[in-house]
Amino acid sequence: MLRNLSLNRRQVCQIAAMAGLAFSVVLPFKADNASAKGKKPSRKKETVMSLDPPVQDGTVSLEKVIKQRRTVRSFGKVPVSKQQFSQILWSAQGITEDGGFKRASPSGGALYPADVYAVVGNNCIEDMGAGVYHYQPKHHSVTKVAGGDRRNDLAIASLSQMWMAGAPVLFVITAEYLRITCKYGDRGIRYALIEIGHISQNIFLQCQALGLSAGIVGAFDDGKVARSAGVYKNHEPLVILPVGYRE
Ligand SMILES: Cc1cc2nc3c(=O)[nH]c(=O)nc-3n(C[C@H](O)[C@H](O)[C@H](O)COP(=O)(O)O)c2cc1C
């Protein structure tokens, strides 16, 4: 029966990615830092939180936000609103194709190897507890994959760039290479990295349009960041964007 089953490359990649996801659910990174209290993030404990519908007709010009965007490394304590949080995630990876699956950022072969996690501090986003939230583009929702304020751990894991811990929310962007290398081989790694750049710039520009600011951090210990953020196994952290109001 299997011999008669002919799959195209996209279907093979989807099955491989699903298998990878199942594997990552069974064997998530062991969160062994102090705030994680040795608990592994588990899908069973995840709570799903739907996000406000994104606004799609902002009033600030694209040229203005491109001109104004800067890497910011100092943030005030003013919380980010839930609407802003929703908007930033939508700009990163939200579904933008009516009735389809294509997203805000382009992706080689539309295979979408990236994931976005939000590491949120205490009293930093209205109506949301501290913890790590994993964005689900299909449903425009987040699942809480870990609790506790992990911003400090993340800053320490980033070669002690402690300014990061002052941002209300830190977006960690990861890649699961198998989703794309199964089609493109090693070149898929290049495509995944390019995609991460697109997602990052979208977050930068959306923040600017919302009156928020973002920083970007690539200097970190990959394993420590993965554990601090409690990301799933095979999701490799590539960049962190701390976001908040500029101080
Ligand atoms: C991939 C990448 C990694 C970066 N890593 C860090 C970092 O670890 N720490 C930091 O303070 N800035 C980091 N930056 C920010 C750059 O220093 C910044 O983009 C550069 O100075 C240009 O300034 P601008 O972004 O304000 O235009 C990084 C930028 C990129 C694109």
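Residues numbered from 1 in each chain as written. Predicted model: local features only at pLDDT ≥ 70, side-chain atom pairs only at ≥ 80, totals over all residues. Heavy atoms only, no water.

Some words on the overall build of the protein
Heads up, the condition is: Put simply, DSSP marks the helices as runs of H or I at least four residues long and the strands as runs of E at least two long, and each gets a number from the N terminus on. In this scheme, a residue with accessible area under 20% of its type's maximum is buried, one over 50% is exposed, and one in between is partly exposed, where area comes from a 1.4 Å probe on protein chains only. Note on areas: Shrake-Rupley, 1.4 Å probe, and residue coverage restricted to the protein chains presented here.
Of regular secondary structure, the protein possesses seven helices and seven strands. Within the protein, buried positions represent 48% of all 247 residues. Element-wise, carbon and sulfur atoms account for 53% of the exposed surface of the protein, whose accessible area totals about 12,300 Å².

A look at the confidence of the model for the protein
What counts is decided by this rule: Scored between 0 and 100, pLDDT is the confidence that the predictor attaches to each residue. What makes two residues a contact is simply this: any of their non-hydrogen atoms within 4.5 Å.
When pLDDT is averaged along the protein, the result is 88; 82% of the residues meet or exceed 70. A low-confidence stretch, residues 20-41 (pLDDT under 50), is modelled with 42 contacts involving residues beyond four sequence positions or located in other chains.

Digging into the nonpolar core
The condition is simple: Among the buried residues, those of types Ala, Val, Leu, Ile, Met, Phe, Trp, Tyr and Cys that are joined through side-chain atoms within 4.5 Å form a nonpolar core.
With 35 residues, the main nonpolar core has Phe85, Val169, Phe171, Ile173, Ile203 and Val243 as its most contacted residues. Of all the secondary structure elements, the ones that give two or more residues to this core are helix H3 (82-93), strand S2 (114-120), strand S3 (131-136), strand S5 (169-175), helix H6 (187-209) and strand S7 (236-244). In terms of residue count, the dominant contributor to this core is H6 (six residues). Excluding residues within four positions of it along the chain, Phe85 makes contact with Leu51, Val80, Ala118, Ile125, Met128, Val142, Val169 and Phe171. Of all hydrophobic cores here, the second largest spans 20 residues; its members include Tyr117, Leu154, Ala165 and Ile240.

Observations concerning the site of the ligand
Note the threshold: Nearness of a residue to a molecule or strand requires only that one of the residue's heavy atoms be within 4 Å of it. The definition of a polar contact used here is a pair of N or O atoms within 3.5 Å, where within protein one atom must be able to donate a hydrogen and the other to accept one, and adjacent residues in sequence count solely through side-chain atom pairs. For this classification, Asp, Glu, Lys and Arg are treated as charged, while Ala, Val, Leu, Ile, Met, Phe, Trp, Tyr, Cys and Pro are nonpolar and the rest, including Gly, are polar.
Looking at the ligand, the residues that line it are Arg69, Arg70, Thr71, Arg73, Gln161, Trp163, Ile216, Val217, Gly218 and Ala219. Note that an oxygen atom of the ligand is positioned 2.7 Å from one of the side-chain N or O atoms of Arg70. Contact distances for the ligand include 2.8 Å between a nitrogen atom and a side-chain N or O atom of Gln161. Protein burial of the ligand: of its 620 Å² of free accessible surface, 54% is covered by the chains. Looking at the shell around the ligand residue by residue, the classes come out as four nonpolar, three polar and three charged.

Observations concerning H6
Put simply, the rule is: Each helix should span, by expectation, one fewer than its residue count multiplied by 1.5 Å.
End to end, H6 covers 34 Å across 23 residues, agreeing with the expected 33 Å (1.5 Å per residue, within 8%). Taken as a whole, H6 has its buried residues at Gly188, Ala192, Glu195, Ile196, Ile199, Ser200, Ile203, Phe204, Leu205, Gln206, Cys207 and Gln208. Directly beyond the C-terminal end of H6, a positive phi value near 85° is found at Gly211.

Side note on the sheet that holds S5
Note the threshold: At least two DSSP bridges between two strands are needed for those strands to be called paired. For helices, the fitted axis covers only the stretch in contact; all axes are lines through C-alpha atoms, and the angles between them, taken along N-to-C directions, range from 0 to 180 degrees.
Sheet architecture is open: seven strands sit in the order S1-S4-S3-S2-S5-S7-S6, paired in antiparallel fashion. Two strands close off the open sheet at either side, each with one partner strand: strand S1 (47-50) and strand S6 (213-214). Along the sheet face, H6 touches S2, S5, S6 and S7 and points at about 5° away from the line of S7. Lying over the sheet, helix H7 (residues 222-229) contacts S2, S3, S5 and S7, oriented at roughly 60° with respect to S7.

A few points about the packing of H3 against H6
Packed helices, taken two at a time, are described by their axes: the angle between them and the distance between them. Short version of the rule: Take the far helix as the reference: if the near one is turned anticlockwise from it by less than a right angle, the crossing is left-handed, and if turned clockwise, right-handed.
At a minimum axis separation of 8 Å, H3 and H6 run at an interaxial angle of 145°. As for the relative orientation of H3 and H6, their crossing is right-handed in sense. Residue-level inspection shows Gln87, Ile88, Trp90, Ser91, Ala92 and Gln93 of H3 in contact with H6, the latter providing Ile199, Asn202, Ile203, Gln206 and Cys207. For the contact of H3 with H6, the class distribution of residues is six nonpolar, five polar and no charged.

With respect to the layout of surface pockets
Worth spelling out the cut-off: Within this scheme a cavity is a closed region of a 1 Å grid, computed over the protein atoms alone, that accommodates a 1.4 Å probe without allowing it to escape, whereas a pocket is open but has protein on both sides within 12 Å along at least five of seven lines; lining residues each have an atom within 4 Å of a point. Grid points are joined across faces, edges and corners, and a volume is the space filled by probe spheres set on the points.
Estimates place the volume of the second largest pocket at around 490 Å³. Together, 19 residues line the second largest pocket, and Gly58, Gln87, Trp90, Gln206 and Ala209 are the ones closest to its centre. When contributions to the lining of the second largest pocket are tallied by element, the ones reaching two or more residues are helix H2 (62-68), H3 and H6. Within the lining of the second largest pocket, the residues separate by chemical class into nine nonpolar, nine polar and one charged.

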